[in-house]
Amino acid sequence: MRSTTSSLSLRQRFASLLLALITFSLITNYSPAAARPNVLFIAVDDMSNSLGCYGHPLVKSPNIDRLARSGVRFDRAYCQFPLCSPSRTSLMTGLRPDTTQVYDLQKHFRSVLPDVVTLPQMFMKNGYFAARVGKIYHYGNPGQIGTPGLDDAPSWNVALNPRGRDKDEEDKLTNHTPKRGLGSALVFMKAEGTDEEQTDGKVATEVIRLLESNKDKPFFIAAGFYRPHCPYIAPKKYFDLYPMEKITMPAGTFPEAVAAPKPSVASVAPWPWFGTTETQSREAKQAYYATISFVDAQVGRLLDALDRLKLAEKTIVIFWSDHGYHEGEHGLWMKQSLWEGSARAPLLIHAPGAKGNGGFSPRTVEFVDIFPTLADLAGLTPPKNLAGASLRPLLESPAAPWTKPAFTQVWRGSYPGHTVRTERWRYTEWDNGRQGAQLFDMASDPQELHDLAAEPAHAGTVKQLKSLVAKNWANEYRPSGGKGGKQAAKKEK
Ligand SMILES: [Ca+2]
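Nothing here was measured: the structure is a model prediction, and the numbers come from that model.

S.K.: Just give me the short version of the overall build of the protein, but keep the residues and values in it.
M.R.: In terms of regular secondary structure, the protein is built from 16 helices and 17 strands. Here the C-alpha radius of gyration of the protein, 24 Å, is about what a compact globule of 493 residues would show, namely 23 Å. Taking the principal axes of the C-alpha coordinates as reference, the protein spans close to 90 × 55 × 40 Å. In the protein, which comprises 493 residues, the share counted as buried stands at 54%. Long-range pairs, those at least 24 residues apart, make up 73% of the contacts in the protein with a sequence separation of at least 6.

S.K.: Tell me about the environment of A400, residues and numbers included.
M.R.: Residue placement: A400 occurs in the loop between α14 (392–396) and β14 (406–412). A residue is classified by how many C-beta atoms lie within 10 Å of it, and A400, with 14 of them, is partly exposed. Considering only alpha carbons, one finds A400 and T99, 301 residues apart in sequence, at a separation of 29 Å. Those residues in contact with A400 that lie beyond four places of it in its chain are P393 and L394.

S.K.: Hey, could you go over the nonpolar core for me, with residue numbers and the actual values?
M.R.: Within the largest apolar cluster, 135 residues are counted, with the highest numbers of intra-cluster contacts made by I42, V207, I221 and L302. Discounting residues that sit within four places of it in the chain, I221 has contacts with L40, F41, A131, V207, L210 and L211.

S.K.: An account of the pairing of strand β15 (residues 415–421) is needed here, citing residue identities and associated values.
M.R.: The element β15 is extensively covered by neighbouring structure, given that six of its seven residues are classed as buried. Counting the residues in the hairpin turn of β14 and β15 gives two residues, including G413, whose phi is positive at 60°. Here five bridges tie β15 to strand β16 (residues 425–430), and the two strands are oriented antiparallel to one another. Along β16, the bridge assignment pairs T419 with T428. Counting the residues in the hairpin turn of β15 and β16 gives three residues.

S.K.: How would you explain the sheet that holds strand β3 (residues 129–134) if you had to name every residue and give the values?
M.R.: Each strand in a sheet pairs with its neighbour through backbone hydrogen bonds, running either in the same direction (parallel) or in the opposite one (antiparallel). Here eight strands make up an open sheet; going across it, the order is β4-β3-β7-β1-β9-β12-β2-β13 and the pairing mixed. Only two strands of the sheet have a single partner each, and these edge strands are β4 (158–160) and β13 (360–366). On average, adjacent strands in this sheet sit at an angle of 15° to one another, irrespective of strand direction. Two strands pair when backbone bridges link them, and strand β9 (residues 315–321) and strand β12 (residues 347–350) are joined in this way by four bridges, in the antiparallel orientation. Residue pairing in the sheet places W320 in a bridge with L347 of β12.

S.K.: Which residues make up the pairing of β14, and what values go with them?
M.R.: Within β14, seven of the seven residues are buried, leaving the element largely enclosed by the surrounding structure. Here β14 shows a buried face lined by A406, T408, V410 and R412 and a second buried face lined by F407, Q409 and W411. Sheet topology note: the β14/β15 ladder contains seven bridges and is antiparallel. Pairing of R412 across the sheet is with Y415, part of β15.

S.K.: I'd like to hear about helix α8 (residues 199–213), residue by residue, with values.
M.R.: Residue pairs spaced three or four apart in an α-helix point in one direction, given the helix's 3.6 residues per turn. The end-to-end C-alpha distance of α8, which contains 15 residues, comes to 21 Å, matching closely the 21 Å that a straight helix rising 1.5 Å per residue would cover. Of all 15 residues in α8, eleven are buried, a share of seventy percent or more. Of all the positions in α8, only T199, D200, G201, K202, V203, A204, E206, V207, I208, L210 and L211 are classed as buried. Check the buried side of α8 and you find it contacts β3, β4, α7 (165–168), β7 (219–228) and α11 (278–308).

S.K.: Which residues make up the packing of helix α3 (residues 62–70) against α11, and what are the values?
M.R.: Where α3 contacts α11, the axes come no closer than 7 Å and their chain directions differ by 50°. Put simply, α3 runs oblique to α11. Along its contact with α3, which presents P62, N63, I64, R66 and L67, the element α11 presents D296, A297, V299, G300 and L303. Of the residues contributing to the contact of α3 with α11, the split by class is six nonpolar, two polar and two charged.

S.K.: Describe unusual backbone geometry, naming the residues involved and giving the relevant values.
M.R.: For the bond from R227 to P228, the omega torsion is 10°, close enough to zero to count as cis. Along the chain, the position of P228 falls in strand β7. Here the residue pair A269 and P270 is connected by a cis peptide bond, since its omega of 0° sits within 30 degrees of zero. For P270, the position within the fold is in the loop between α10 (255–258) and α11. For N432, which is not glycine, the phi dihedral falls at a positive 55°. Tracing the sequence through the fold places N432 in the loop between β16 and β17 (437–441). What makes N432 partly exposed here is the crowd of 16 C-beta atoms within 10 Å.

S.K.: How would you summarise the packing of α8 against α11 if you had to cite specific residues and measurements?
M.R.: Running from N to C, α8 and α11 cross one another at 10°; their axes reach a closest spacing of 9 Å. In terms of axis orientation, α8 runs roughly parallel to α11. Taking contact as the criterion, the partners of D200, G201, V203, A204, V207, I208 and L211 in α8 are, on α11, F294, V295, Q298, R301, L302 and A305. Here the residues of the contact of α8 with α11 sort into nine nonpolar, two polar and two charged.

The rules behind the values
Residues numbered from 1 in each chain as written. Predicted model: local features only at pLDDT ≥ 70, side-chain atom pairs only at ≥ 80, totals over all residues. Helix = DSSP H or I, 4+ residues; strand = E, 2+ residues; numbered from the N terminus. Rg over C-alpha atoms; globule rule 2.2 N^0.38 Å. Buried ≥ 20, exposed ≤ 12 C-beta atoms within 10 Å, placed from the backbone. Contact = placed C-beta atoms within 7 Å. Core = buried A, V, L, I, M, F, W, Y, C linked by C-beta atoms within 7 Å. Pairing = 2+ DSSP bridges. Axes fitted to C-alpha atoms, helices over the stretch in contact; angles between N-to-C directions. Expected span 1.5 Å × (residues − 1). Parallel < 35°, antiparallel > 145°, perpendicular 65-115°, else oblique. Nonpolar A, V, L, I, M, F, W, Y, C, P; charged D, E, K, R; others polar.

What follows is the structure, given as structure tokens:
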């Protein structure tokens with residue numbers, strides 16, 4: 001027996017090994033580039049769709065645009081709850097807020113679902129190295145920068161919490177809404193020092209180090225940027241990209257908001273614009289755009305590192321913001337509303353080899369779809385009860401048929417707000433309709449200026465969309481005593 005093996009020449013043994021590999025490859029469709037792809041998971045905080053790749057005329061985002069060109073840009077992507085913790089918890093567990101029961105910035109999902117398997121945990125269970133730098137789960141921003149925030153330790157092998165000059169020099173901030181805390185104010189600063197000295201510069205630096213030291217094993221590495229969430233802080237050069245004369249606020253007295261159900265504009269008080277003047281709001285917007293460009297530059301450092309380390313062709317790159325952001329329209333600033341600007345957020349996915357790369361998808365997709373998508377792309381089996389669907393068909397063919405609408409919710413005091421988005425319509429109900437409803441034809445009225453909910457001609461559409469809302473929230477979680485909203489409305493520190 002021994003002689004049989006040893007009598008085979010080296011060349012024969014090599015040939016048989018090669019044959020075995022080819023056979024295995026044919027049977028399993030195994031391809032080294034696609035097997036166990038890495039994941040670079042990039043989260044930004046409070047970033048609207050005001051980006052070059054989404055057609056914004058002013059905002060400069062060359063690096064995010066570069067990622068958009070290399071992957072699929074989702075034009076109708078919606079968060080489940082336009083507030084940090086509820087949105088992030090939903091995305092990271094793949095479950096809707098009604099299942100996680102996280103509507104506020106205090107409750108941790110493990111207190112409700114102690115054994116839930118999060119997205120990075122699924123990768124870890126399958127032999128991946130999982131790491132986080134910065135804000136992935138909720139973090140009081142900027143209050144908890146440099147701490148673990150409301151992290152989930154079982155999700156990571158390594159978790160890092162950088163802190164930069166922006167955090168240490170908060171005494172230099174300009175706050176146009178001084179009664180509001182730094183985490184919910186129109187507050188900004190032209191920062192001293194380099195990009196690398198700011199917290200988000202340090203996030204990029206640490207992520208690059210992790211990429212370098214883990215490039216030879218399958219990894220799920222999460223870069224959690226803290227900006228452009230207020231305070232809007234970026235080095236001066238980014239402010240120079242946006243001359244004040246080019247920054248405008250929407251004109252007029254917002255008749256559509258005056259006529260709207262009260263809870264639809266209750267996220268901003270005093271309304272409009274937190275009581276700021278037009279000039280103050282323009283200064284805040286300039287700083288917000290500067291901060292988007294600053295974060296964009298840090299995203300560029302990550303993409304450059306992927307190229308330099310020759311990881312680009314075996315790494316899925318996903319970029320998302322936890323929700324959208326109002327920039328003055330309807331008299332609003334920031335989030336926590338159910339208008340398009342708050343519910344919609346950027347979503348870009350580069351899956352190596354996907355046929356749809358370079359295209360854009362007009363389909364309505366949700367952040368609960370991200371978990372099953374990444375599981376599908378990596379060939380992993382996700383938990384059984386996930387709320388979303390894999391977007392892989394849209395990564396292969398961005399305009400493929402897709403009938404799933406997108407659902408977003410908020411909480412107002414003792415009652416909820418629910419909204420559903422189809423490709424054409426947005427329909428919103430406050431307190432199940434008792435506090436009003438809104439219907440917008442997003443095809444002919446993308447700015448949501450003409451509420452059609454009460455028009456007899458649209459009664460059929462309302463009935464149809466109403467049934468989608470009722471079905472989605474058939475088992476709604478209602479906090480005892482209706483306290484959910486009170487907690488959710490607490491100011492970020
Ligand atoms: Ca946020």
